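Working through the structure, step by step
Chain residues, written in single-letter form:
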Amino acid sequence: DLIDERKLTRNEIHDFCILLFGQDMMNGAPDPSADWSGFMKIVETAVENTPNHWNPIKKRVKPLVSVKKLRRMYGSRSFW
């Protein structure tokens, strides 16, 4: 139950994306700790190929993952 207790590690983000998008869609995704840009390209493709879902907090249909927020939180300037 750590998902709301702390920031996930890059490897945990990888595992979470597999749960959200499925193993087939995340197939070939590099280790995000070693190749963040390559990993994000796979995530972007997965987001583009997955229907948006209702977000009860925003009260509108949104993607499952915000690529922009992932880049901001875990990009090259972050400490993760």
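Structural data are supplied above this passage.
The sections below set out a description of the structure shown in this document. Predicted, not measured: the structure shown is a model, and the values here were computed from it.

With that settled, the discussion passes to helix 1 (residues 10-21). When the terminal C-alpha atoms of helix 1 are compared, their 16 Å separation across 12 residues agrees well with the 16 Å that a helix rising 1.5 Å per residue should span. By the burial criterion, the buried members of helix 1 are Arg 10, Ile 13, His 14, Cys 17 and Phe 21. Relative to the axis of helix 1, the buried residues are bounded by an arc of 105 degrees and lie together on one face. With its phi angle positive at about 95 degrees, Gly 22 sits one or two positions after the end of helix 1.

In this section: the side chain of Thr 50. Here Thr 50 shows up in the loop between helix 3 (36-48) and strand 1 (53-55). Residue class for Thr 50 comes out buried when judged on its relative accessible area of 16%. Reaching out from Thr 50, the side chain makes a polar contact with the backbone oxygen of Ala 46 at a distance of 2.6 Å.

Turning to a positive patch on the surface, a few remarks are in order. Taken together, the side chains of Lys 58, Arg 60, Lys 68, Lys 69 and Arg 72 define a basic patch exposed on the protein surface. Its location among the elements puts Lys 69 in helix 4 (residues 67-74).

The next thing to look at is the pattern of salt bridges. For the structure on display, the rule yields 2 salt bridges. Salt-bridge contacts for Arg 6 lead to Glu 12; the nearest nitrogen and oxygen are separated by 2.7 Å. The class for Glu 12 is partly exposed, based on a relative accessible area of 26%. The partner of Glu 44 in a salt bridge is Arg 71, and the shortest N-O contact between them spans 1.9 Å. Pair noted here: Glu 44 is in helix 3 and Arg 71 is in helix 4, with a separation of 27 residues, a long-range link.

Bringing unusual backbone geometry into the picture now. Its identity is not glycine, yet Lys 59 carries a phi of approximately 55 degrees, on the positive side. As for its position among the elements, Lys 59 is in the loop between strand 1 and strand 2 (60-62). A relative accessible area of 63% means that Lys 59 is categorised as exposed.

Glancing now at the packing of aromatic side chains. For the structure shown, the criterion picks out 2 aromatic pairs. Ring centres of Trp 36 and Phe 39 lie 5.5 Å apart, and the angle between their planes is 40 degrees; on these two criteria the pair is classed as tilted. Remark: Phe 39 and Trp 36 occur in helix 3; sequence separation between them is 3 residues, near one turn of the helix. Plain terms: the ring middles of Trp 36 and Tyr 74 are 5.9 Å apart, the flat faces sit at 35 degrees to each other, and that makes the pair tilted.

Analysis parameters
- Residues numbered from 1 in each chain as written.
- Predicted model: local features only at pLDDT ≥ 70, side-chain atom pairs only at ≥ 80, totals over all residues.
- Heavy atoms only, no water.
- Helix = DSSP H or I, 4+ residues; strand = E, 2+ residues; numbered from the N terminus.
- Expected span 1.5 Å × (residues − 1).
- Buried < 20%, exposed > 50% of the residue type's maximum accessible area, 1.4 Å probe, protein only.
- Arc of directions from axis to C-beta.
- Polar contact = N/O pair within 3.5 Å; in protein donor to acceptor, adjacent residues only side chain to side chain.
- Patch = residues over 30% accessible without salt bridge, like charges linked within 9 Å, V, L, I, M, F, W, Y side chains within 5 Å.
- Areas by Shrake-Rupley, 256 points an atom, 1.4 Å probe, with all protein chains shown as cover.
- Salt bridge = Lys/Arg side-chain N within 4 Å of Asp/Glu carboxyl O.
- Lys, Arg positive; Asp, Glu negative; His and termini not counted.
- Charge placed at Lys NZ, Arg CZ, Asp CG, Glu CD.
- Phe/Tyr/Trp six-rings, centres within 6.5 Å; stacked < 30°, edge-to-face > 60°.

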